[in-house]
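Analysis of the macromolecular model
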Amino acid sequence: MSLSLTSFLATAGASPLLQGLAIIVGTFILEDAATIVTAMQVQTGHVDLPVALVALYIGIVVGDIGLYGLGYLAACWPPARRWVTLPNVEHEGHWFDRNVFRIVFISRFIPGARLPLYTACGFFRARLGLFCVAAVLATLIWTTLLFAVSLRVGQFLISHLGTWKWLGLAGFIVTILLISRTIARLQGQSR
């Protein structure tokens, strides 16, 4: 994914619209990898900083709202409603509605939590407006932090690895993914 996004961003060259679209599509595939690759492209001068950040924010928030929408649609499908066997579905729905901001904000920072929790928010009809506000705020914080770290790492890779910088980038992405999976696995074991 990173090499194809990188090539597309390079060939999109002078078209900020194409670059933005490529970044948005990249966030739908792997958010963190798209953020890291985009930061590297900003570092090398292929993408302007405002285009990069706006596209990352839009892509990630639209993806989050899409997960909510999938949950909402699943609740409309009778077989999906039968799969959810909770003692009091209405009570669970109220819990999600009362805690939607906290759920969205916290799950943004816990690897592997977004898919199940965001779709559950949609399934139980948590307030969409509050979900969107929480998604935007959490995305602004998390993506900005990851982007800033990636810019620093990118500068180091460019300065010290030269033509091998893309190998270093691949290692950085794999490291982020492995750390995320390890944290998710440890959380699963602690329950």
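Residues numbered from 1 in each chain as written. Predicted model: local features only at pLDDT ≥ 70, side-chain atom pairs only at ≥ 80, totals over all residues. Heavy atoms only, no water.

This part is about the overall build of the protein chain. A count of helical and extended segments in the protein chain gives 9 helices and 0 strands. Mapped from its N terminus to its C terminus, the protein chain presents α and β elements in the order α-α-α-α-α-α-α-α-α. The buried share of the protein chain, reckoned over its 191 residues, is 40%. Within the protein chain, contacts between residues separated by at least 24 positions form 77% of all contacts whose residues are at least 6 apart in sequence. (Helix = DSSP H or I, 4+ residues; strand = E, 2+ residues; numbered from the N terminus. Buried < 20%, exposed > 50% of the residue type's maximum accessible area, 1.4 Å probe, protein only. Contact = heavy atoms within 4.5 Å.)

Attention now moves to the nonpolar core. Phe96, Val100, Val104, Cys121 and Phe131 are the most contacted members of the largest nonpolar core, which totals 17 residues. Where this core is concerned, the elements lending two or more residues are α4 (49-76), α6 (89-107), α7 (114-123) and α8 (128-161). Those residues in contact with Phe96, other than ones at most four positions away along the chain, are Ile103, Leu117, Ala120, Cys121, Phe124 and Ala126. Core analysis: the next-biggest nonpolar cluster, separate from the first, contains 12 residues, Val42, Val51, Ala52 and Ala55 among them. (Core = buried A, V, L, I, M, F, W, Y, C linked by side-chain atoms within 4.5 Å.)

The next subject is the packing of helix α2 (residues 16-29) against α4. Viewed as axis vectors pointing N to C, α2 and α4 meet at an angle of 40 degrees, and their least axial separation amounts to 8 Å. For the element pair α2 and α4, the recorded crossing hand is right-handed. The segment α2 lies against α4, with Pro16, Gln19, Gly20, Ile23, Ile24, Thr27 and Phe28 engaging Val51, Ala52, Ala55, Leu56, Ile58, Gly59, Ile60, Val62 and Gly63. Counted by class, the contact of α2 with α4 contains 11 nonpolar, 5 polar and no charged residues. (Axes fitted to C-alpha atoms, helices over the stretch in contact; angles between N-to-C directions. Left-handed = near helix turned anticlockwise from the far one by under 90°. Nonpolar A, V, L, I, M, F, W, Y, C, P; charged D, E, K, R; others polar.)

The next thing to look at is the pattern of salt bridges. Applying the stated rule across the entire model yields 4 salt bridges. Between Glu31 and Arg108 there is a salt bridge, with its nearest N and O atoms 2.6 Å apart. Separated by 77 residues along the polypeptide, Glu31 in helix α3 (residues 31-44) and Arg108 in the loop between α6 and α7 bring together distant segments of the chain. Arg108 matches Glu31 in its accessibility class, with the two residues each being buried. What makes Glu31 buried here is its relative accessible area of 13%. Residues participating in the shared-partner salt-bridge network are Glu31, Asp64, Arg108 and Arg114. (Salt bridge = Lys/Arg side-chain N within 4 Å of Asp/Glu carboxyl O.)

Quick look at a nonpolar patch on the surface now. A grouping of Phe101, Phe109, Val133, Val136, Leu137, Leu140, Ile141 and Leu145 is seen on the molecular surface, where their side chains present a nonpolar patch of about 620 Å² in accessible area. Among the elements that take part in the nonpolar patch, α8 stands out by supplying 6 residues, more than any other. Along the chain, Leu140 falls in helix α8. By relative accessible area, Leu140 is classed as partly exposed at 34%. (Patch = residues over 30% accessible without salt bridge, like charges linked within 9 Å, V, L, I, M, F, W, Y side chains within 5 Å. Areas by Shrake-Rupley, 256 points an atom, 1.4 Å probe, with all protein chains shown as cover.)

Of all residues in the protein chain, 67% have pLDDT values of 70 or greater, and the mean over the chain is 80. Within the protein chain, helix α1 (residues 2-12) has the poorest average pLDDT of any element, 60, and α4 the best, 94. (pLDDT = per-residue confidence, 0-100.)

Across its 14 residues, α2 extends 20 Å between first and last C-alpha, which sits within 8% of the 20 Å expected from 1.5 Å per residue. When we look at burial in α2, the residues that qualify are Gln19, Gly20, Ala22, Ile23, Ile24, Gly26 and Thr27. (Expected span 1.5 Å × (residues − 1).)

With that settled, the discussion passes to the packing of aromatic side chains. Throughout the structure, instances matching the rule amount to 8 aromatic pairs. Measuring from ring centre to ring centre gives 4.9 Å for Tyr68 and Phe131, while their planes differ by 45 degrees; the resulting arrangement is tilted. In this pair, Tyr68 is assigned in helix α4 and Phe131 in helix α8, connecting sequence segments 63 residues apart. Tyr68 gets classed as buried once you look at its relative accessible area, which sits at 6%. With a relative accessible area of 0%, Phe131 lands in the buried category. Members of the aromatic cluster, each reached through a chain of ring pairs, are Trp95, Phe96, Phe123 and Phe124. Between the NZ or CZ atom of Arg125 and the centre of the ring of Tyr72, over which it lies, the distance is 3.9 Å. (Phe/Tyr/Trp six-rings, centres within 6.5 Å; stacked < 30°, edge-to-face > 60°. Lys NZ or Arg CZ within 6 Å of the ring centre and 35° of its normal.)

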